[in-house]
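# Chains, contacts and geometry: an overview
One-letter residues, chain by chain:
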Amino acid sequence: MTLRKAIPSEIPAIWEILRQAIERRKQDGSQQWQDGYPNEQSIHNDLATDSAYVLIENDEIIAYAAIIFDVEPAYTDIQGKWLTNGDYVVVHRVATSNSVLGKGIATHLFKLIEDLAIASNVYSIKVDTNFDNIAMLKILDKLDYTYCGEVFFRGSARKAFEKVLHKK
């Protein structure tokens, strides 16, 4: 599996994966992603900011994430406390294809994001998720992310997590 930056011609495939994830959140009873976000414009915005990444296996896109090497404005006002105050990578819009469900792909994606951060000399990853996104909460727990408090996006509280990475 290879994690790499997405290209514009991959927007339809990425959007399909996001649509599948939106539907899974709905089926799981989660409120996350049930308000028209993310949408196809989100992918265009990620491409424009150089933060759109795809996970490829056998020439097929099997997962997507926005990996942002910049400050997330919503993270500056946390109700709680981050573990670190330096540079960090933000991960948003994580989605896997229905074709790979149950195979640990999202967990593997996060491990590759950790490797990418370390290769870029950034030793912190910050992520948030909805309180009812059980699948993501399990992944973050499994990968030893620390719950740091709540941040707010579009008027809703989100659980915020951080993982401090170490040089390999």
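Above this text you will find the structure in question.
Residues numbered from 1 in each chain as written. Predicted model: local features only at pLDDT ≥ 70, side-chain atom pairs only at ≥ 80, totals over all residues. Heavy atoms only, no water.

## Looking at the environment of Ala63
- You can see Ala63 is positioned in strand β3 (residues 60-68).
- Ala63 sits in the buried class, given a relative accessible area of 1%.
- Not counting residues up to four positions away in its chain, the partners in contact with Ala63 are Ile17, Tyr53, Val54, Leu55, Ala95, Thr96, Ile105 and Leu109. (Helix = DSSP H or I, 4+ residues; strand = E, 2+ residues; numbered from the N terminus. Buried < 20%, exposed > 50% of the residue type's maximum accessible area, 1.4 Å probe, protein only. Contact = heavy atoms within 4.5 Å.)

## A closer look at the packing of helix α1 (residues 11-27) against helix α2 (residues 40-48)
- Look at α1 against α2: their axes get within 9 Å of each other, and the N-to-C directions meet at 125°. Overall, the two elements α1 and α2 adopt an arrangement that is oblique. Relative to α2, the crossing made by α1 is right-handed. On the side of α1, the interface is formed by Ile11, Ile14, Trp15 and Leu18, while α2 contributes Glu40, Ile43, His44 and Leu47. (Axes fitted to C-alpha atoms, helices over the stretch in contact; angles between N-to-C directions. Parallel < 35°, antiparallel > 145°, perpendicular 65-115°, else oblique. Left-handed = near helix turned anticlockwise from the far one by under 90°.)

## Description of the side chain of Asn130
- Summarising the element assignment, Asn130 is placed in the loop between β6 (124-129) and α4 (134-142).
- Accessibility expressed as a relative area gives 6% for Asn130, which makes it buried.
- Discounting chain neighbours no more than four positions away, the residues touching Asn130 are Ser30, Gln31, Gln32, Leu137, Ala157 and Arg158.

## Considering the pairing of β3
- Most of β3 is tucked away: eight of the nine residues are buried.
- Between the end of strand β2 (residues 52-57) and the start of β3, which pair antiparallel, lie two residues, with Asn58 showing a positive phi angle near 50°.
- Looking at chain direction, β3 and strand β5 (residues 89-96) are connected through five bridges and run antiparallel. Bridging across to β5, Ile68 finds its partner in Val90. (Pairing = 2+ DSSP bridges.)

## Some points on the side chain of Thr129
- Within the secondary structure layout, Thr129 lies in strand β6.
- Looking at Thr129, the relative accessible area reads 1%, which means it is buried.
- Side-chain polar atoms of Thr129 contact the side chain of Gln32, separated by 3.2 Å.
- At 3.4 Å, the side chain of Thr129 forms a polar contact with the side chain of Asn133.
- The residues touching Thr129, leaving out its near neighbours within four places in the chain, are Gln32, Met136, Leu137, Leu140, Arg158, Lys159 and Phe161. (Polar contact = N/O pair within 3.5 Å; in protein donor to acceptor, adjacent residues only side chain to side chain.)

## Re the packing of aromatic side chains
- The full count for this structure, using the stated rule, is five aromatic pairs.
- Ring plane angle 45° and centroid distance 5.0 Å describe the contact between Tyr75 and Trp82, whose orientation is recorded as tilted.
- Residue Tyr75 is classed as buried on the basis of its relative accessible area, which comes to 2%.
- Ring geometry for Tyr147 versus Phe161: centroids 5.6 Å apart, planes at 65°, classification edge-to-face. Pair noted here: Tyr147 is in strand β7 (residues 146-153) and Phe161 is in strand β8 (residues 156-164), with a separation of 14 residues, a long-range link.
- Looking at Phe161, the relative accessible area reads 8%, which means it is buried.
- Taken together, the aromatic side chains of Tyr75, Trp82, Tyr88 and Phe153 make up a single cluster linked through ring pairs.
- Across from the ring centre of Tyr88, 4.1 Å away, lies the NZ or CZ of Lys126, which sits over that ring.
- Taking NZ or CZ as reference, Lys159 lies 5.2 Å from the ring centre of Tyr147, over its face. (Phe/Tyr/Trp six-rings, centres within 6.5 Å; stacked < 30°, edge-to-face > 60°. Lys NZ or Arg CZ within 6 Å of the ring centre and 35° of its normal.)

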